[in-house]
Amino acid sequence: MPAERLSVVVTRRLPENVETRLKELFNVQLREDDAPMSRDELISAMKQADVLVPTLTDTVDAGMLSQAGDQLRLIANYGAGVDHIDVQTARQRGILVSNTPGVLTEDTADMTLALVLAVTRRIPEGLACMQSGDWQGWSPTAFLGGRLAGRRLGILGMGRIGQAVARRAAAFGMQVHYHNRKRLHGDIEQDLEATYWESLDQMVARMDVISINCPHTPSTFHLMNARRLKLMKKNAVIVNTSRGEVIDENALTRMLRSGDIAGAGLDVFEHGTEINPRLRAQKNVVLLPHMGSATVEGRIEMGEKVIINIKTFADGHRPPDQVVPAML
Ligand code: DGY
């Protein structure tokens with residue numbers, strides 16, 4: 001399929017130079033405003049496009065895929081997570097799915113540590129005090145947080161991002177522990193000075209900080225459910241820069257309110273923008289608007305990956321970042 005004839009529909013505004021390059025290479029339909037497409041708009045895009053470029057704000061389910069035109073052959077997701085796309089059904093219908101792994105690893109790991117620090121060192125409380133003009137000067141007992149050095153960090157999901165978190169945490173003097181579907185190769189484990197826990201329950205019960213870095217799949221949904229959250233130490237904190245669905249958000253809110261867990265730093269939420277008001281009202285939480293990968297560099301590199309995936313496909317090859325159901 002010659003690249004210049006490929007019809008590509010992009011569902012959200014992308015960085016300007018990414019859009020310019022897409023226009024140079026393909027017959028591309030870009031978004032005028034940045035509102036997510038409605039379900040009907042998405043279906044209509046899937047009826048006309050050879051390639052759809054969605055983002056995590058676009059659900060692409062089996063019902064929608066069944067209405068896609070025969071010409072739709074590639075869903076080149078702008079993002080690493082593909083839990084909003086029914087990859088299995090897409091495959092059954094002969095539609096390839098690709099994503100953008102690797103380019104948001106460092107940024108997401110940075111944000112993970114930023115959240116750990118924000119919660120343990122009470123940075124938002126300090127900021128609020130300064131912004132209100134209430135600061136009365138230094139005090140030996142004000143805004144006391146906890147020291148990171150020596151604390152145990154338990155990373156749930158030791159892929160690229162988990163490992164990047166581990167490296168940063170070690171630099172802060174934390175002891176790194178992890179649970180993963182598969183144990184890391186001995187060399188990598190040694191390099192990261194990371195301790196593997198086969199039992200997630202046992203790890204959770206012994207950590208000072210838990211970081212969620214696994215993708216959201218049917219097997220990780222509510223991995224941190226009420227029972228497991230209750231295993232956490234009372235003075236422990238949890239941070240999540242992956243997907244909200246991995247934590248039972250209502251159970252977490254209850255535990256934060258009752259003081260059964262010390263704090264949480266969340267960049268992602270179980271129900272998207274519908275955040276439990278009780279969670280928002282908690283003092284011991286730091287909530288961010290899903291900005292883990294929000295760097296200029298990262299967003300441009302994500303666009304470059306999308307372009308490489310489409311171009312490679314257009315040249316008759318498998319996109320380098322093809323996602324197959326077995327990977328999920
Ligand atoms: C992704 O790419 O899946 C990230 O969550 C976006 O920040």
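Look a little higher up for the structure.
Residues numbered from 1 in each chain as written. Predicted model: local features only at pLDDT ≥ 70, side-chain atom pairs only at ≥ 80, totals over all residues. Heavy atoms only, no water.

## Notes on the sheet that holds strand β12 (residues 285-287)
Taken in spatial order, the 7 strands of this open sheet run β8-β7-β6-β9-β10-β11-β12, and their pairing is parallel. At either margin of the open sheet sits one strand with a lone partner, and together these are β8 (194-196) and β12. With direction set aside, neighbouring strand axes in the sheet form an average angle of 20°. Pairing of strand β11 (residues 263-266) with β12 involves 3 bridges; the strand directions are parallel. Paired with Leu266 across the strands is Leu287, a residue of β12. Each of β6 (152-156), β7 (175-179) and β9 (209-212) is contacted by helix α7 (residues 160-171), which is oriented at about 170° to β6, the strand it contacts most. (Pairing = 2+ DSSP bridges. Helix = DSSP H or I, 4+ residues; strand = E, 2+ residues; numbered from the N terminus. Axes fitted to C-alpha atoms, helices over the stretch in contact; angles between N-to-C directions. Contact = heavy atoms within 4.5 Å.)

## Comments concerning helix α5 (residues 105-120)
Across its 16 residues, α5 extends 23 Å between first and last C-alpha, which sits within 8% of the 22 Å expected from 1.5 Å per residue. Immediately beyond the C-terminal end of α5, within one or two residues, lies Arg122, with a positive phi of roughly 55°. (Expected span 1.5 Å × (residues − 1).)

## What to know about helix α2 (residues 39-48)
Among the residues making up α2, those that are buried are Leu42, Ile43, Ala45 and Met46. Summarising the axial view, the buried residues of α2 lie within an arc of 160°, below the 170-degree limit, and thus occupy one face. Looking at the packing, one finds that the buried side of α2 touches β1 (7-10), β3 (51-53) and α3 (62-65). (Buried < 20%, exposed > 50% of the residue type's maximum accessible area, 1.4 Å probe, protein only. Arc of directions from axis to C-beta.)

## Observations concerning the pattern of salt bridges
Here the structure, examined in full by the defined rule, presents 17 salt bridges. In this structure, the salt-bridge partner of Arg12 is Asp34, at a minimum N-O distance of 3.2 Å. Separated by 22 residues along the polypeptide, Arg12 in the loop between β1 and α1 (16-25) and Asp34 in the loop between β2 (27-29) and α2 bring together distant segments of the chain. By relative accessible area, which is 40% here, Asp34 ends up partly exposed. For Asp201, the salt bridge is made with Arg228, and the minimal N-O distance between the two is 2.6 Å. One end of the pair, Asp201, is in helix α9 (residues 200-206); the other, Arg228, is in helix α10 (residues 226-231), and 27 residues separate them in sequence. (Salt bridge = Lys/Arg side-chain N within 4 Å of Asp/Glu carboxyl O.)

These results come straight from atomic positions and should not be treated as a statement about function.
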